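# Results of the structural survey
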Amino acid sequence: MPPVLSFLVQPTSTVDGPEAPPAPDSRTFGRAVGDVRDAWRHRELWGHLGWQDIKQRYRRSVIGPLWITISMGTTALALGLLYSQLFNQEIATFLPYVTAGFVIWNFILGCITEGTDVFIANEGLIKHLPAPLTVHVLRLVWRQVLFFAHNLVVYLIVLAIFFPSLTEPYQMAGENVVQPGVNWMILLAIPAFALVAFNAVWVALLFGIISSRFRDIPPVIHSFINLIFFMTPIVWHVGVLNSVSGGSGGWRSYIAEFNPLFHFLEIVRAPLLGHQQQWHHWVVVAGFTVVGWTLALVVLRNYRARISYWV
Amino acid sequence: MVSIDVWNASVDFPIFDAKSRSLKKLALGKVGGKIGSEGRVPIIEALHDINISLKEGDRVGLVGHNGAGKSTLLRLLAGIYEPTRGSQRIQGKVAPVFDLGVGMDPEISGYENIMIRGLFLGMTRKQMEKRVDDIAEFTELGDYLSMPLRTYSTGMRVRLALGVVTSIDPEILLLDEGIGAVDAAFMAKARDRLKDLVRRSGLLVFANHSDETLIEFCDSAIWMDEGHVKQQGPLREVLSAYKGHDPFEYLSPETRQRLGLDNEPILSANGGE
Ligand SMILES: Nc1ncnc2c1ncn2[C@@H]1O[C@H](COP(=O)(O)OP(=O)(O)OP(=O)(O)O)[C@@H](O)[C@H]1O
Ligand SMILES: [Mg+2]
């Protein structure tokens, strides 16, 4: 055994560093990008934690995470039946529409509302472990992806039930477009969802950082998000904007078009439902991806090192 | 190469209250002119002008009164707090053990907690799977390991946490006080493992109030006082200055024997007195 103790050793710590101090690099893009990159490398950690979060939530219930699927199923069924009557839509095409919209919305909702709390809720871990901050964000988004996967089962069931009418070309009431019906284009939903999830990361980063400094943000977002749910075409279809005016919709179509969440929703939902893909949604989402990530990286660069002081 | 360097570093905590955390105040403040968002926020200077340079093989004890900044310094060395002024450079994988409970989930089993805690300390899943049996044996928890953590007593939790912590391979090991609350027989066992851990780690910084522990694990020391480094040097020197007497004189004969100090002349460090 090497001697643990010895009296005559020179102090191993010297007062001055051997070299000149490097310039502080806390506020550089290198560190901001490095944080995201290192977090990605910790896949094992946030992957495991995300699973654990889901298992943990349903640990003491008999059917476990199946609850996620069941509650989504009932909600989508009830909303689909109600609104198809209110808006005079075919159940066979409208119920899948509402289900798909609601499943995707739940993902977006989870990422935004939990995103605002992401650093506040992880205060203990942030103050005790020198892990990249983005780890907490990735854990959150991964958990939401897993929820989404559970909910998607509901959509697949609905799709199976209405398969005959969904695979034929059909029209939503109030719209002149003939939708081609579900075909191999449904695969486009995969990259579309990946893109939405990629955006969820910057949203949670940005909102999480701002919220840890200004604690009024989370309640504000939590209350506004309900409003946004009703403003977004989820339980209603853009076709009604046309039918109320008896024509092309006019200015009313902007209610949907000016809502960024509509575009995120639509790139995933259209292929799932066999709707004609409108490429301008992709353009808008791509724009938000670039702008959003730039913004998030700037904020991360400036305030990354402050988070552990703020939470 | 494992090393930690800190140059003129300060750590200031802004103390936000409801007002300064509010957006409204910031928005209104901007109207009147240029007032920084933190300009009116009171600040606690937890550390100032810290210069430390540690390298591979260093075994540093951290002493100081309550509130002197030991825990904060450990967090600075871990990279959790980046200095508000000055700079810091950490090379090597840091394993901080500040609170044995963090990262432990009461609802999940002991086994699952071992895995999670290990992942948090920078281990991979594979490495942890290899160590699970060893940890289970060391903790002597037996079948309890498949029970949720909330069914454990405090001491059992500490056993589990110690088991995980002492099984990792850290490059930089940062220990805060608070490793206790287990029975004497187990502590003797844990001590051996802790020693082993310290030997495996490239660099150790250990905040502790017990002379005995410091003498056992460290060979140099830093004395923190009111947020700055008051003294830094060989353990015996710093401890003597901090306590006002030579700590080696006060060790019981059993401890001296256990630490293998019997041949050390008691007055070697201050022989002139
Ligand atoms: N998160 C924080 N916010 C505000 N002040 C803090 C925070 N953490 C520490 N401080 C302040 O910094 C100073 C040093 O605290 P620290 O916990 O480092 O002391 P310590 O030396 O570890 O004390 P102890 O021996 O009691 O553990 C204290 O005055 C404390 O009030
Ligand atoms: Mg402390």
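Analysis parameters
Residues numbered from 1 in each chain as written. Chains lettered and ligands numbered in written order. Predicted model: local features only at pLDDT ≥ 70, side-chain atom pairs only at ≥ 80, totals over all residues. Heavy atoms only, no water. Axes fitted to C-alpha atoms, helices over the stretch in contact; angles between N-to-C directions. Helix = DSSP H or I, 4+ residues; strand = E, 2+ residues; numbered from the N terminus. Parallel < 35°, antiparallel > 145°, perpendicular 65-115°, else oblique. Left-handed = near helix turned anticlockwise from the far one by under 90°. Contact = heavy atoms within 4.5 Å. Nonpolar A, V, L, I, M, F, W, Y, C, P; charged D, E, K, R; others polar. Buried < 20%, exposed > 50% of the residue type's maximum accessible area, 1.4 Å probe, protein only. Pairing = 2+ DSSP bridges. Salt bridge = Lys/Arg side-chain N within 4 Å of Asp/Glu carboxyl O. 1 Å grid on protein atoms, 1.4 Å probe; cavity = no way out; pocket = protein on both sides within 12 Å on 5 of 7 lines; lining within 4 Å. Points joined across faces, edges and corners; volume = space filled by probe spheres on them. pLDDT = per-residue confidence, 0-100. Phe/Tyr/Trp six-rings, centres within 6.5 Å; stacked < 30°, edge-to-face > 60°. Lys NZ or Arg CZ within 6 Å of the ring centre and 35° of its normal. Near = heavy atom within 4 Å. Polar contact = N/O pair within 3.5 Å; in protein donor to acceptor, adjacent residues only side chain to side chain.

Moving on, we come to the packing of helix α3 (residues 66–86) of chain A against helix α7 (residues 134–161) of chain A. Residues and elements named next belong to chain A. Viewed as axis vectors pointing N to C, α3 and α7 meet at an angle of 50 degrees, and their least axial separation amounts to 8 Å. Relative to α7, α3 is oriented oblique. Note on packing geometry: the crossing formed by α3 with α7 is right-handed. Residue-level contacts link Ile-68, Thr-69, Met-72 and Gly-73 of α3 to Phe-147, His-150, Asn-151, Val-153 and Val-154 of α7. Looking at the contact of α3 with α7 residue by residue, the classes come out as five nonpolar, four polar and no charged.

Turning our eyes to something else, we now look at the pairing of strand β7 (residues 203–207) of chain B. Residue and element names in this part refer to chain B. The element β7 is largely enclosed, with a buried count of five among its five residues. Both faces of β7 are covered, namely the face carrying Leu-203, Val-205 and Ala-207 and the face carrying Leu-204 and Phe-206. The pairing of strand β3 (residues 59–63) with β7 spans four bridges and is parallel. Paired with Gly-61 across the bridge in β7 is Phe-206. With four bridges connecting them, strand β6 (residues 172–175) and β7 associate as parallel partners. Residue Leu-174 lies in a different strand from β7, and its bridge partner there is Val-205.

As a further point, take the pattern of salt bridges. According to the stated counting rule, one finds 25 salt bridges over all chains in the structure shown. The salt bridge involving Asp-38 of chain A is made with Arg-41 of chain A; its shortest N-O contact spans 3.3 Å. One end of the pair, Asp-38 of chain A, and the other, Arg-41 of chain A, are both in helix α1 (residues 29–41), three residues apart, so they sit about a helical turn from each other. Residue Asp-38 of chain A is classed as partly exposed on the basis of its relative accessible area of 29%. What makes Arg-41 of chain A exposed here is its relative accessible area of 58%. Residue Asp-196 of chain B pairs with Arg-199 of chain B through a salt bridge whose shortest N-O separation is 3.3 Å. Within this pair, Asp-196 of chain B and its partner Arg-199 of chain B are both found in helix α6 (residues 184–200), separated by three residues, close to a single helical turn. Judged by relative accessible area, which is 34%, Asp-196 of chain B ranks as partly exposed. Residues joined in a network through salt bridges with shared partners are Arg-131, Asp-169, Asp-196, Arg-199 and Arg-200 of chain B.

Attention now goes to the layout of surface pockets. Roughly 1,200 Å³ of volume is contained in the largest pocket. Of all the elements in the fold, those that place two or more residues in the lining of the largest pocket are α1, α2 (43–57) and α15 (307–310) of chain A together with β4 (85–91) and α3 (110–120) of chain B. Sort the elements by how many residues they give to the lining of the largest pocket and α1 of chain A lands first, with seven residues. In the lining of the largest pocket, the residues fall into 20 nonpolar, 11 polar and 12 charged.

All names here are of chain B. Confidence in the prediction for chain B averages 82 pLDDT; 85% of positions are at 70 or higher. Predicted confidence is poor over residues 30–38, with pLDDT under 50, and the contacts of this stretch with residues over four places away or in other chains come to nine contacts. Scored below 50 in pLDDT, residues 268–273 makes four contacts in the model with residues more than four places away or belonging to other chains. Among the scores for the predicted complex, ipTM is 0.83 and pTM is 0.88.

The next subject is the packing of α7 of chain A against helix α9 (residues 189–213) of chain A. All names here are of chain A. The interhelical angle for the contact between α7 and α9, taken along N-to-C directions, is 140 degrees, at an axis separation of 9 Å. One way to sum up the angle between α7 and α9 is to call them oblique. Here α7 runs over α9; the crossing is right-handed. Counting all contacts with α7, which are made through Thr-134, Val-137, Leu-138, Leu-140, Val-141, Val-145 and Phe-148, the residues of α9 involved are Phe-193, Ala-197, Ala-200, Val-201, Ala-204 and Leu-205. Each residue belonging to the contact of α7 with α9 can be placed in one class, and the counts come to 12 nonpolar, one polar and no charged.

Another point: the side chain of Arg-75 of chain B. Along the chain, Arg-75 of chain B turns up in helix α2 (residues 70–78). Aside from chain neighbours lying at most four places away, what touches Arg-75 of chain B is Lys-127 and His-128 of chain A together with Ile-80, Tyr-81 and Phe-98 of chain B.

For the rest of this paragraph, the subject is empty space enclosed by the protein. With the rule as written, the count across this model stands at three cavities of 30 Å³ or more. Space inside the largest cavity adds up to approximately 50 Å³. Lining the largest cavity are Pro-24, Asp-25, Ser-26 and Arg-31 of chain A together with Glu-82, Pro-83, Gly-86, Ser-87 and Gln-88 of chain B. Of all the elements, β4 of chain B adds the most residues to the lining of the largest cavity, at three residues.

Next up on the list: the sheet that holds strand β5 (residues 94–97) of chain B. All names here are of chain B. Spatial ordering of the open sheet is given by β5-β6-β7-β3-β8-β9, a layout of six strands whose pairing is mixed. Bordering the open sheet on either side are β5 and β9 (228–234), each of which pairs with just one other strand. Neighbouring strand axes in the sheet, compared pairwise and without regard to direction, differ in orientation by 15 degrees on average.

The next thing to look at is the packing of aromatic side chains. Geometrically, a pair of aromatic rings is defined through the distance of the ring centres and the angle of the planes. Residues and elements named next belong to chain A. By the definition in use, this model includes 21 aromatic pairs over all chains. Between Tyr-254 and Phe-258, the ring centres sit 5.3 Å apart and the planes meet at 20 degrees, which makes this aromatic pair stacked. The class for Tyr-254 is partly exposed, based on a relative accessible area of 46%. Here Phe-258 falls in the exposed class, since its relative accessible area comes to 68%. Taken together, the aromatic side chains of Phe-102, Trp-105, Phe-229 and Phe-230 make up a single cluster linked through ring pairs. Above the plane of the ring of Phe-29 lies Arg-301, whose end atom (NZ or CZ) is 4.9 Å from the centre.

Attention now goes to the site of ligand 1. Surveying the vicinity of ligand 1 reveals 16 residues, the closest of which are Asn-66, Gly-67, Lys-70, Ser-71 and Thr-72 of chain B. What surrounds ligand 1 is not a single chain but chains A and B. In the model, an oxygen atom of ligand 1 is placed 2.8 Å from a nitrogen or oxygen of the Gly-67 of chain B main chain. Between an oxygen atom of ligand 1 and a main-chain N or O atom of Gly-69 of chain B, the distance comes to 2.9 Å.

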